[in-house]
Amino acid sequence: MSFSIRLTAEEKSLAENYARLHAISVGEAFKQALFERIEDEYDVTVAQDAYNEYVEDGCKSRPISELWKELDL
């Protein structure tokens, strides 16, 4: 899949300089930035869900040794 985006001259220059600094193409720079953003938002969502579950369970926790035993580690 390919796509195009419109950039101002300043944005284009910034993107090109960033790509040059990291020895990658502008396309690869945008691709990396996009997937990093997606991963970050996913991580935040998973963390928030885990926290909500913790709060719903009355803010109870258990020793890590129990988790290790449960996972047979």
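Further up the page is the structure itself.
The rules behind these values
- Residues numbered from 1 in each chain as written.
- Predicted model: local features only at pLDDT ≥ 70, side-chain atom pairs only at ≥ 80, totals over all residues.
- Heavy atoms only, no water.
- Phe/Tyr/Trp six-rings, centres within 6.5 Å; stacked < 30°, edge-to-face > 60°.
- Helix = DSSP H or I, 4+ residues; strand = E, 2+ residues; numbered from the N terminus.
- Buried < 20%, exposed > 50% of the residue type's maximum accessible area, 1.4 Å probe, protein only.
- 1 Å grid on protein atoms, 1.4 Å probe; cavity = no way out; pocket = protein on both sides within 12 Å on 5 of 7 lines; lining within 4 Å.
- Points joined across faces, edges and corners; volume = space filled by probe spheres on them.
- Expected span 1.5 Å × (residues − 1).

Our next topic: the packing of aromatic side chains. We describe a pair of aromatic rings using the distance from one ring centre to the other and the angle between the two ring planes. What the rule picks out here adds up to one aromatic pair. Where Tyr51 meets Tyr54, the ring centres are 6.2 Å apart and the plane angle is 40°; that geometry is what we call tilted. You can see Tyr51 and its partner Tyr54 sitting in helix α2 (residues 26-56), three residues apart, about one turn around the helix. Overall, Tyr54 belongs to the partly exposed group, its relative accessible area being 33%.

As a volume, the largest pocket reaches approximately 250 Å³. Residue lining of the largest pocket: Met1, Ser2, Phe3, Ile5, Gly27, Glu28, Phe30, Lys31, Leu34 and Phe35, and that is the complete set.

Further remarks concern α2. The first and last C-alpha atoms of α2 sit 45 Å apart over 31 residues, in line with the 45 Å expected at 1.5 Å per residue. Looking one or two residues beyond α2, the residue adopting positive phi is Gly58, at roughly 80°.

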